[in-house]
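Per-entry structural report
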Amino acid sequence: MTFPEGFLWGGALAANQCEGAYLEDGKGLSQQDVMPQGVRGPVTDQPTPDNLKLIGTDFYHRYREDIALMAEMGFKVFRFSIAWSRIYPRGDEAEPNEVGLAFYDRVIDECLKYGIEPLITLSHYEIPLHLCRTYDGFRSRKTIDFFLRYADTVLRRYHDRVKYWLTFNEINVTLISPLLGAGVMTPKDQLSAQDRFQTAHHQLVASARATALAKQICPEIQIGCMAASAPRYPMTCDPQDMIAMMTSQQELDYFIHVHCTGEYPYYAKRLWRENNVCLEITEEDRQALKQTVDFISFSYYSSKVVAADESRYTMANGNIMRGLKNPYVPVSDYDYPIDPEGLRYILNYLYAHFHKPLFVAENGLGARDVLIAEEHGGFTVKDQGRIDFHRGHIQAMARAIDDGVEVFGYTSWGPIDCVSAASAEMTKRYGFVYVDRNQDGSGTLQRWKKQSFDWIGKVYRSNGADLD
Ligand code: BG6
């Protein structure tokens, strides 16, 4: 199995899940600071001490140590996000927070010191709380302009050192969790489909305009979209299940289609009609959307099974997007389906439909790791399951490349443990490096290499050739 020369191997983190320092050096609050239980719990008025993200895994102070560990694992790329609320604490200031900008200068320079390519997500589930409270996040068109001001600031500041950028993390999640994806504070059960689709439209316009801006600032920048890409499988070959699969898949494709072709797909009309949606799309919006991306990036954790009549089946466990139980695939500690072949499938699917280079921006196994003492002192985690998970997915990616798909990078999710997004917990860990932080907030924050640490280093350094 051979990967193309220069293939970008690495890992991905998000500011709100690892940085901590939630009020340090002028940072403002974001919606994450008032979501102590992630999308699964209530929003609080103020940050509360049970919110693990306030300290995160202290990347803000420990980025040097963490990036050194990444270099030791042979990273060629580190995908991270900038906390918008560190740059524009309220979101609507005229001038950015210089101390916040300087922090990312240091992170970027630290990556470059090791020959690690930084890949920046402009917005990863993190929007200044003031914009969320005042404008309901991207539910308001006004937020597009604030986002562009922020994007302009960071693109101008870092473009000479950062070639790869993504606009919104998992942009399609806005339809499922408008709070997480778009900073909409109005509870989801009070939002109509019209509200959710219009919010998503504002983000699509913001994404296209940020892409145009990036190209204007530096034509060499490569900028991509990012979508949560669980491929849909039909439960049976019943034609009705096939149609259910097709329409569910279209809800994902909808977002990628706009980014890749510059307009809404033909089936959007049906989707809007069925949901009683009448989008407000201005002529200016239409022109803006014409700006397409250079590549598609996506997260892949597992496939999702659907059926015309889902009440006949059992639901599988899962994060934000759950499907039906698939009897053919094993499950993780968290009872989430594990399906490496689905990665080969979605890579082929996306390439066949959109003909753009692909980047696997997230993939990983969330597990309840157990820290064990080592003979010579120190601690580790025996995480053979994680090794098997990544081996299976990297092999599937290699087969997709062999199929002819153009894939240029793979960043595992949470290479150094971080707080989870959906449930804001510390117990579910994805890393090759264990962070000593417990669910009750205790812990030294010390980093310990897991068994998978050496394994992934070997894989990355051999450009995916040594998977034993
Ligand atoms: C993706 C997100 O959906 O999944 C990440 O982009 C998130 O932010 C990851 O952490 C894993 O999900 P979770 O909820 O287990 O952390």
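Residues numbered from 1 in each chain as written. Predicted model: local features only at pLDDT ≥ 70, side-chain atom pairs only at ≥ 80, totals over all residues. Heavy atoms only, no water.

Considerations on the overall build of the protein
Just so we agree on the cut-off: What counts as a helix is a DSSP run of H or I of at least four residues, what counts as a strand is a run of E of at least two, and both are numbered from the N terminus. Atoms counted for the radius of gyration: C-alpha only. Globule rule: 2.2 Å times the number of residues to the power 0.38. A 1.4 Å probe rolled over the protein chains alone gives each residue an accessible area, and that area as a share of the maximum for its type sets the label: buried under 20%, exposed over 50%, partly exposed in between. What makes two residues a contact is simply this: any of their non-hydrogen atoms within 4.5 Å. Reported accessibility uses the Shrake-Rupley method at a 1.4 Å probe radius. Residues are deemed covered only where the shown protein chains occlude them. Neither His nor the chain termini are counted; the positive set is Lys and Arg, and the negative set is Asp and Glu. Charge coordinates come from a single atom per side chain, which is NZ of Lys, CZ of Arg, CG of Asp or CD of Glu.
Check the secondary structure of the protein and you find 14 helices and 16 strands. Expected size for 468 residues packed as a compact globule is a radius of gyration near 23 Å; at 21 Å, the protein falls within 12% of this value. The dimensions of the protein, computed from C-alpha atoms along their principal axes, are 65 × 55 × 45 Å. Looking at the protein as a whole, 61% of its 468 residues qualify as buried. Summarising the internal contacts of the protein: among those between residues at least 6 apart in sequence, 75% fall at separations of at least 24. Carbon and sulfur atoms make up 51% of the accessible area of the protein, which totals about 17600 Å². Across the protein, 49 positive and 61 negative side-chain charges occur, with their mean positions spaced 2 Å apart.

What to know about the packing of aromatic side chains
Quick note on the threshold: A pair of Phe, Tyr and Trp rings is counted when the ring centres sit within 6.5 Å of each other, with Trp represented by its six-membered ring. The angle between the planes then sorts it: under 30 degrees is stacked, over 60 is edge-to-face, the rest tilted. A ring is scored as having a charge over it whenever the NZ atom of a lysine or the CZ atom of an arginine sits within 6 Å of its centre and within 35 degrees of its normal.
In the structure shown here, the tally under the stated rule is 37 aromatic pairs. Note on Tyr 345 and Tyr 349: the rings are 6.1 Å apart at their centroids and 35 degrees apart in plane angle, and the pair reads as tilted. With Tyr 345 and Tyr 349 both in helix 12 (residues 341-354), this residue pair falls four residues apart, about one helical turn. For Tyr 345, a relative accessible area of 34% puts it in the partly exposed group. The exposure class of Tyr 349 is buried, given its relative accessible area of 15%. In textbook terms, an aromatic cluster arises when at least three aromatic residues are bridged by ring pairs, as seen for Phe 59, Tyr 60, Tyr 63, Phe 78, Phe 80, Phe 103 and Tyr 104. Residue placement shows Arg 429 over the ring face of Tyr 434; its charged tip is 3.9 Å from the ring centre.

Notes on the site of the ligand
Basically, it comes down to this: The cutoff for a nearby residue is simple: one of its non-hydrogen atoms must lie within 4 Å of the molecule or strand. Residues adjacent in sequence count toward polar contacts only when both atoms are side-chain atoms; beyond that, a polar contact is any pair of N or O atoms within 3.5 Å, and within protein one must be able to donate a hydrogen and the other to accept it. Points on a 1 Å grid, built from protein atoms alone, make a cavity when a 1.4 Å probe fits but cannot get out and make a pocket when they are open with protein on both sides within 12 Å along at least 5 of 7 lines; residues with an atom within 4 Å of a point are the lining residues. In this scheme, a molecule is assigned to a cavity or pocket if more than half of its atoms are within 2 Å of the grid points.
Close to the ligand lie 14 residues, the nearest being Glu 170, Asn 319, Ala 421, Lys 428 and Tyr 430. With respect to the ligand, the side chain of Lys 428 contributes an N or O atom lying 2.6 Å from an oxygen atom. Relative to its free-state accessible area of 380 Å², the ligand is covered by the protein chains to the extent of 97%. Taken atom by atom, the bulk of the ligand overlaps the largest cavity.

Regarding the pairing of strand 13 (residues 407-413)
Our working rule: Strand pairing is assigned whenever DSSP detects at least two bridges linking the two strands.
Among the seven residues that make up strand 13, seven are buried, leaving the element largely enclosed by the rest of the structure. Sheet topology note: the strand 1 (residues 8-12)/strand 13 ladder contains five bridges and is parallel. In the sheet register, Ala 12 faces strand 13, and the bridge partner there is Trp 413. In terms of strand pairing, strand 9 (residues 358-362) meets strand 13 through three bridges, oriented parallel. Looking across to strand 13, one finds that Val 360 is bridged to Tyr 410.

Details of empty space enclosed by the protein
As a reminder, the rule being used: Grid points are joined across faces, edges and corners, and a volume is the space filled by probe spheres set on the points.
Inspection of every chain in the model, using the stated rule, returns four cavities of 30 Å³ or more. Of the voids in this model, the largest cavity is the one considered here, and its volume is about 620 Å³. Residue lining of the largest cavity: 41 residues in total, with Glu 170, Tyr 301, Asn 319, Ile 320 and Tyr 336 positioned closest to the centre. Of the voids in this model, the second largest cavity is the one considered here, and its volume is about 80 Å³.

A word on the pattern of salt bridges
For the record, the criterion: Think of a salt bridge as a Lys or Arg side-chain nitrogen and an Asp or Glu carboxyl oxygen that are within 4 Å of each other.
In the structure shown here, the tally under the stated rule is 32 salt bridges. For the salt bridge of Glu 362 with Arg 79, the shortest nitrogen-to-oxygen distance reads 3.0 Å. Of this pair, Glu 362 sits in strand 9 while Arg 79 sits in strand 2 (residues 77-81), and the two are 283 residues apart along the sequence. The residues Glu 362 and Arg 79 share a single accessibility class, namely buried. We note a salt bridge from Arg 209 to Asp 145, for which the minimum N-O separation is 3.8 Å.

Quick look at the packing of helix 4 (residues 98-113) against helix 6 (residues 142-158)
For any two helices packed against each other, one specifies the inter-axial angle together with the distance between the axes. What counts is decided by this rule: Note on definitions: angles span 0 to 180 degrees between N-to-C directions of axes, and those axes are lines fitted to C-alpha atoms, for helices only across the stretch in contact. Relative orientations are named as follows: roughly parallel for angles under 35 degrees, roughly antiparallel for angles over 145 degrees, roughly perpendicular for angles from 65 to 115 degrees, and oblique for any other angle. Take the far helix as your reference; a near helix turned counterclockwise from it by less than a right angle gives a left-handed crossing, and one turned clockwise gives a right-handed crossing. Just so you know the grouping, Ala, Val, Leu, Ile, Met, Phe, Trp, Tyr, Cys and Pro go in nonpolar, Asp, Glu, Lys and Arg go in charged, and all remaining residues, Gly too, go in polar.
Close contact between helix 4 and helix 6 brings their axes to 11 Å; oriented N to C, the two are set at 45 degrees. Judged by the inter-axis angle, helix 4 sits oblique to helix 6. Where helix 4 crosses over helix 6, the handedness of that crossing is right-handed. Only Thr 153, Val 154, Arg 157 and Tyr 158 of helix 6 make contact with helix 4, whose side of the interface consists of Glu 98, Gly 100, Leu 101, Ala 102, Tyr 104, Asp 105 and Ile 108. Within the contact of helix 4 with helix 6, the residues separate by chemical class into six nonpolar, two polar and three charged.

Re the sheet that holds strand 5 (residues 222-228)
Spatially, eight strands are ordered 1-2-3-4-5-7-9-13 in a closed barrel, and the strand pairing comes out parallel. Within the sheet, the average angular offset between the axes of one strand and its neighbour, ignoring direction, is 25 degrees. Pairing of strand 4 (residues 164-168) with strand 5, which is carried by three bridges, proceeds in the parallel orientation. Bridge assignment links Tyr 164 to a residue of strand 5, and that residue is Gln 222. Packing against the sheet, helix 4 makes contact with strand 2 and strand 3 (117-123), and its axis sits at approximately 170 degrees to strand 2.

Concerning the pairing of strand 4
For strand 4, the tally of buried residues reaches five of five residues, placing the bulk of the element in the interior. Sheet analysis places strand 3 next to strand 4, joined by four bridges and oriented parallel. Looking across to strand 4, one finds that Ile 120 is bridged to Trp 165.

Some remarks on the environment of Ser 123
Its location among the elements puts Ser 123 in strand 3. Residue Ser 123 is classed as buried on the basis of its relative accessible area, which comes to 2%. Counting along the chain gives 67 residues from Ser 123 to Gln 190, while the straight-line C-alpha distance between them is 25 Å. For Ser 123, the contacting residues outside a window of four places in its chain are Phe 147, Thr 167, Phe 168 and Asn 169.

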